[in-house]
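# Structural overview for review
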Amino acid sequence: MTDLAPNWWPLARLGEAIEALALDAGLIRDPPTDPLVVPAAFALEDVPRWTEWAAARLGVEVVDVETPASAIDAVLASGGPAILLDDTAEGPGFFALAGRRRGGVLLLDRQAHRRRVPIAALRDRLVEPVAAEHRAAVDELLDRAMIQPRRRPRAAAALLHERLQAERIGGISLLRAPASAPVWRQMRLDGGLRTLALIVAAFVALYVLEIAGWKVIGEGVLAGKVDSGWLLGWMVILLTAVVAQTASAWCEASLAVDLGRIMKARLLAGALALRPDAIKRSGVGQMIGRVIDAQALEALTFNGGIGVLLAGIELVFTAWVLAHGAAPAAHLTLLVGWLALTGLLGWRYFVRMRRWSGERLDMTNALIEAMVGHRTRLAQDRAARRDAQDDAVVQRYLTTSAAMDRASIVGVTALPSIWLFAGIAALVPAFAGQPVPSPVTLAISLGGLLLGQRAFGGIAGGSAGLARAAIAWSRVRDLFAASRGGAVTVNRRTDGIADEDRPLIEAEGLMFRYPGADRRIVDRANLTIRHGEKILLDGASGGGKSTLAALLTGLETPTSGLLLLDGLDKATRGDAWHRLAAAAPQFHDNHILSGSLAFNLLMARSWPPTSADLADATELCEELGLGDLLSRMPGGIEQQVGETGWQLSHGERSRIFLARALLQRASLTILDESFASLDPQRLGQCLAAAISRSQALVVITHR
């Protein structure tokens with residue numbers, strides 16, 4: 001039996017283990033200057049929040065995983081790095097999963113050294129607390145069924161596995177590079193660069209085998225030595241080439257999946273980090289165009305980049321083959337000139353494609369905006385004027401499309417074919433001189449020309465893909481830029497435990513203005529909010545109250561000044577800021593999503609919800625006067641609501657927005673005009689629930 005004791009860490013050393021795992025996996029290069037110290041008062045329920053904070057300090061992302069007990073082998077086989085909580089009689093602790101090797105897993109011992117243990121031993125240790133609850137019932141069932149002793153272990157394992165299907169194992173925290181990390185770094189950590197090297201090696205081997213096949217069959221035919229031995233050698237080379245090509249295709253597919261996952265995560269992180277006002281200023285058509293470009297960027301970048309890379313390798317082999325052919329000087333000069341001509345025509349094609357893409361997206365945007373406002377256009381625009389505007393847009397698109405097609409025909413389609421004729425023409429002077437090229441050198445030159453034609457075709461196709469990717473990048477690069485996180489700069493408090501004597505919010509000289517605007521919305525504001533305080537913020541419309549709420553909840557970043565939440569700034573807290581500060585924005589900035597009412601209420605908590613979460617949400621709905629709504633709904637709190645489900649009134653929506661904010665149980669809750677649509681009776685009822693359910697509360701009203 002495997003002894004896991006040397007690999008078991010006490011909870012007090014969690015910070016040390018996270019640092020060791022991050023270093024071992026290459027997520028960080030150097031240990032932090034300030035070690036991660038676990039606070040004295042620390043329990044298992046504090047681990048997720050503290051682990052997220054500690055990972056953010058290291059520039060690492062942590063993902064909490066909950067898996068069915070029967071599927072935990074797949075999680076362990078992923079190799080981590082991960083923290084696996086393990087509560088034993090010795091006290092709460094954990095294992096540090098560092099990797100996998102030969103059917104086992106690698107755990108870091110308490111000296112941060114890797115030790116291999118069987119995956120079954122670790123699985124049994126983690127599953128045992130859950131399995132123990134069912135083992136007695138399984139034994140009783142086997143006794144009543146009078147199963148023979150020799151069959152009992154197998155039957156017990158099968159029954160236990162079946163019962164564990166419904167049980168879930170938590171306490172698993174995966175460490176990984178954040179989505180905002182550079183793409184090359186994420187590719188390196190995921191083994192993508194190694195896969196790319198394998199692709200290049202496979203193609204180099206493929207070209208070597210192809211040239212070797214030419215040599216074998218060419219020498220045999222030209223020398224009149226075609227026999228079974230020559231044919232057998234040629235067949236072996238072909239079969240080896242098939243293996244190399246298959247391996248390359250498999251590596252390409254694997255690399256495409258990894259790159260696609262990284263790009264999608266980066267784009268999603270950027271989309272979630274976009275400024276709300278920037279999203280509001282974008283039209284529906286622009287957003288759809290951006291979605292199309294984001295979807296195309298991944299495939300175009302991969303296919304175009306791989307195509308150009310492999311074509312470049314082919315050009316190297318082309319130059320080497322032509323250098324041994326019948327007209328080496330003429331062909332190498334032609335090769336350099338043709339490469340320059342390809343670059344020139346490729347740039348011309350890129351310029352025209354960029355202009356065409358702009359016209360296409362502008363036309364798409366105009367079409368969608370016109371469809372959205374179709375009734376308004378019918379009422380306000382004269383038919384002749386409306387048609388003339390549409391015709392002008394279509395005509396510009398057709399003109400730029402024709403120009404791009406002409407550039408495509410010359411630069412992408414015709415150029416590789418013309419290369420072959422130009423190369424054959426370059427052989428003419430060689431026949432006019434002495435000595436006349438031999439059949440072998442002539443065959444080498446023809447083979448090099450064919451290889452060059454394929455290389456230039458790959459460059460043309462790959463460059464077209466890269467051109468489209470560059471155009472798509474110009475439209476989505478703000479998403480990539482928005483996903484970059486800030487550096488950790490402040491470390492005044494690490495345990496996140498509330499202190500009633502310390503301010504919850506501290507703001508000094510807080511200033512904010514929207515990009516491109518001259519006027520400051522918030523100008524040198526000083527503010528202190530303590531734990532448990534209830535504050536009413538009243539003022540005229542346009543005075544900056546909602547903007548201040550966005551700053552306090554982390555939706556906006558101050559232009560200047562100091563803003564601390566529970567002793568830490570936004571750069572230090574990262575996304576954890578939103579767990580401590582929640583808000584119910586104004587009605588027009590809030591939304592009911594298509595889904596169950598429970599999802600709309602509990603979307604800020606973990607999903608799927610527990611029975612306690614559902615009970616808490618139902619109780620709050622009763623407090624807010626939504627009990628009649630729940631009783632009318634056939635599905636109760638699980639009823640589908642939103643655009644395709646149960647329709648809600650204005651007042652019901654307002655109270656659901658209020659409940660959503662209160663159910664987050666944040667240290668600070670801000671309610672922005674949440675009571676505007678309620679009658680006096682409902683207002684008093686909802687205000688009482690907000691006061692009793694919140695810790696620190698700020699209620700914003702407008703005059």
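Below you will find a few notes about this structure. (Residues numbered from 1 in each chain as written. Predicted model: local features only at pLDDT ≥ 70, side-chain atom pairs only at ≥ 80, totals over all residues. Heavy atoms only, no water.)

### Details of helix H4 (residues 119-145)
Note that an α-helix has 3.6 residues per turn; residues three or four places apart therefore point the same way. The first and last C-alpha atoms of H4 sit only 32 Å apart over 27 residues, clearly below the 39 Å expected at 1.5 Å per residue. Where H4 bends most, at Glu 128, the angle is about 60 degrees, and the proline Pro 129 comes one to four residues later. Turning to H4, its buried residues are Ile 119, Ala 121, Leu 122, Leu 126, Val 127, Val 130, Ala 131, His 134, Val 138 and Leu 142. Once H4 finishes, Met 146 follows within two positions and takes phi at roughly 55 degrees, a positive value. (Helix = DSSP H or I, 4+ residues; strand = E, 2+ residues; numbered from the N terminus. Expected span 1.5 Å × (residues − 1). Bend = angle between axes of the 7 residues up to and from the residue. Buried < 20%, exposed > 50% of the residue type's maximum accessible area, 1.4 Å probe, protein only.)

### A closer look at the sheet that holds strand E8 (residues 503-512)
What the 3 strands build is an open sheet, ordered E9-E8-E11; its pairing is antiparallel. One side of each edge strand has no neighbouring strand; the edge strands of this open sheet are strand E9 (522-530) and strand E11 (560-565). Each strand axis lies, on average, 10 degrees off the axis of its neighbour in the sheet, ignoring direction. The pairing of E8 with E11 spans 5 bridges and is classified as antiparallel. Of the residues in E11, the one forming a bridge with Glu 506 is Leu 564. (Pairing = 2+ DSSP bridges. Axes fitted to C-alpha atoms, helices over the stretch in contact; angles between N-to-C directions.)

### Quick look at unusual backbone geometry
Of note, the phi angle at Ala 112 is positive, near 65 degrees, even though the residue is not glycine. Mapped onto the elements of the fold, Ala 112 is located in the loop between strand E5 (104-108) and strand E6 (114-118). With a phi angle near 60 degrees, Glu 673 is a residue other than glycine that sits in the positive phi range. Considering the arrangement of structural elements, one finds Glu 673 in the loop between strand E15 (668-672) and helix H23 (680-693).

### Digging into the environment of His 702
Structurally, the position occupied by His 702 is in strand E16 (residues 696-702). Once the C-alpha coordinates of His 702 and Asp 672 are considered, the two residues, 30 residues apart in sequence, prove to be 9.0 Å apart.

### Structural notes on the layout of surface pockets
Its boundaries defined by the atoms lining it, the second largest pocket holds a volume of some 900 Å³. In terms of lining, the second largest pocket is formed by 25 residues, of which the most central are Ser 78, Gly 80, Pro 81, Leu 189 and Asp 190. Taken together, the elements giving at least two residues each to the lining of the second largest pocket come down to helix H1 (14-25), strand E4 (91-101), strand E7 (168-176), helix H6 (183-189) and helix H8 (228-273). (1 Å grid on protein atoms, 1.4 Å probe; cavity = no way out; pocket = protein on both sides within 12 Å on 5 of 7 lines; lining within 4 Å. Points joined across faces, edges and corners; volume = space filled by probe spheres on them.)

### Topic: the nonpolar core
By size, the foremost hydrophobic cluster in this structure holds 32 residues, and its most contacted members are Leu 597, Leu 601, Leu 671 and Phe 675. With 6 residues, the top contributor of residues to this core is helix H22 (residues 650-662). Not counting residues up to four positions away in its chain, the partners in contact with Leu 601 are Ala 617, Cys 621, Ile 637, Ile 656, Ala 659, Arg 660 and Leu 663. In terms of nonpolar packing, the next biggest core, distinct from the first, is built from 31 residues, Leu 255, Leu 274, Phe 302 and Phe 480 among them. (Core = buried A, V, L, I, M, F, W, Y, C linked by side-chain atoms within 4.5 Å. Contact = heavy atoms within 4.5 Å.)

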